[in-house]
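A look at the structure
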Amino acid sequence: MKNNIDIMSKIVCFSFFLLAFFSCKHHENEYHSITDKIEAESKNYHGTSISSEAYIGDIKTIEITEGMHTFLIPERKSQIKSYACTECHTKPLTQMQSKDLKKAHWDIKLDHANANTMNCVTCHNPDNTDDLKSLTGKSIDFNNSHNLCSQCHTKQFEDWKGGAHGKRIGGWAPPRASMTCVNCHNPHKPHFESRWPARFNTQKVKERE
């Protein structure tokens with residue numbers, strides 16, 4: 001009985017050895033995973049000599065760092081037609097709300113989340129309208145509005161930081177310059193409407209009618 005147990009133990013140990021041996025890299029160009037291959041073949045990569053700086057054009061940018069990623073984004077505040085907000089909002093919002101005052105921002109309709117979840121002051125700071133505010137009440141500069149979006153849209157934010165989500169400005173060569181959330185999405189109505197391509201088959205349109 002003891003001999004049988006010893007034999008079985010040796011067989012199990014030998015099986016584990018074979019599994020470990022054949023699963024390990026045993027040829028120069030074989031790797032455990034695609035990330036191992038990328039890391040191994042990137043050791044001698046020292047960047048590129050080309051630059052996309054000339055293609056950024058006259059877009060005013062600022063440099064930000066998010067996690068391990070440092071890159072350029074368009075400066076936002078100078079592009080907002082009605083900024084600075086305090087030019088009109090001279091007092092905190094609670095002191096300016098009155099039935100006698102003409103309703104402001106009548107042309108903005110909020111279509112972002114359920115009305116029980118979100119209203120204007122979910123994102124806008126009612127005490128300092130020149131800033132946005134986080135869910136915990138901390139001020140967020142308009143130039144860093146992506147930090148506001150990241151509170152709910154965490155997956156998209158992580159993809160954006162790494163360069164997988166959003167549009168690049170210029171090209172893929174450094175320096176990296178990327179559009180932010182509000183450069184592509186209307187923050188008050190972020191979903192994209194269905195649209196036809198610039199050129200389409202008019203016969204198909206007639207058939208759908």
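Above this text is the structure in question.
Worth saying up front: this structure is predicted, and the values here are computed from it rather than measured. (Residues numbered from 1 in each chain as written. Predicted model: local features only at pLDDT ≥ 70, side-chain atom pairs only at ≥ 80, totals over all residues. Heavy atoms only, no water.)

**Some remarks on the overall build of the protein**
On a plain count of helices and strands, the protein comes out with eight helices and four strands. Going residue by residue from the N terminus, the α and β elements of the protein occur as α-α-β-β-α-α-β-β-α-α-α-α. When each of the 209 residues of the protein is scored for burial, the buried share is 20%. For the protein, the proportion of contacts with a sequence separation of at least 24, taken over those separated by at least 6, is 46%. If you sum the accessible surface of the protein, you get close to 16,800 Å²; carbon and sulfur atoms cover 55% of it. (Helix = DSSP H or I, 4+ residues; strand = E, 2+ residues; numbered from the N terminus. Buried < 20%, exposed > 50% of the residue type's maximum accessible area, 1.4 Å probe, protein only. Contact = heavy atoms within 4.5 Å. Areas by Shrake-Rupley, 256 points an atom, 1.4 Å probe, with all protein chains shown as cover.)

**Looking at the pairing of strand β1 (residues 61-66)**
Successive residues of a regular strand alternate their side chains across the two faces of the sheet. As paired strands, β1 and strand β2 (residues 69-74) are joined by six bridges and run antiparallel to one another. Each residue of the ladder has a partner; that of T61, found in β2, is P74. Between the end of β1 and the start of β2, which pair antiparallel, lie two residues, with G67 showing a positive phi angle near 65°. (Pairing = 2+ DSSP bridges.)

**Observations regarding the packing of aromatic side chains**
Using the criterion set out here, one finds three aromatic pairs in the structure. Aromatic side chains Y83 and F142 sit 5.5 Å apart centroid to centroid with 70° between the ring planes, which places their arrangement in the edge-to-face category. Of the two residues, Y83 sits in the loop between β2 and α3 (93-96) while F142 sits in the loop between β4 (139-140) and α5 (146-149), which places them 59 residues apart along the sequence. Residue classification places Y83 among the partly exposed positions, given a relative accessible area of 23%. Judged by relative accessible area, which is 9%, F142 ranks as buried. Through a chain of ring-to-ring contacts, the aromatic side chains of F71, F157 and W160 assemble into a single cluster. (Phe/Tyr/Trp six-rings, centres within 6.5 Å; stacked < 30°, edge-to-face > 60°.)

**Some remarks on the environment of T65**
Examined against the element boundaries, T65 turns out to sit in strand β1. For the pair T65 and K161, spaced 96 residues apart in sequence, the C-alpha to C-alpha distance is 9.1 Å. One polar contact links T65 to T70, side chain to side chain, over a distance of 2.9 Å. (Polar contact = N/O pair within 3.5 Å; in protein donor to acceptor, adjacent residues only side chain to side chain.)

As far as function goes, none of this settles anything; it's purely spatial.
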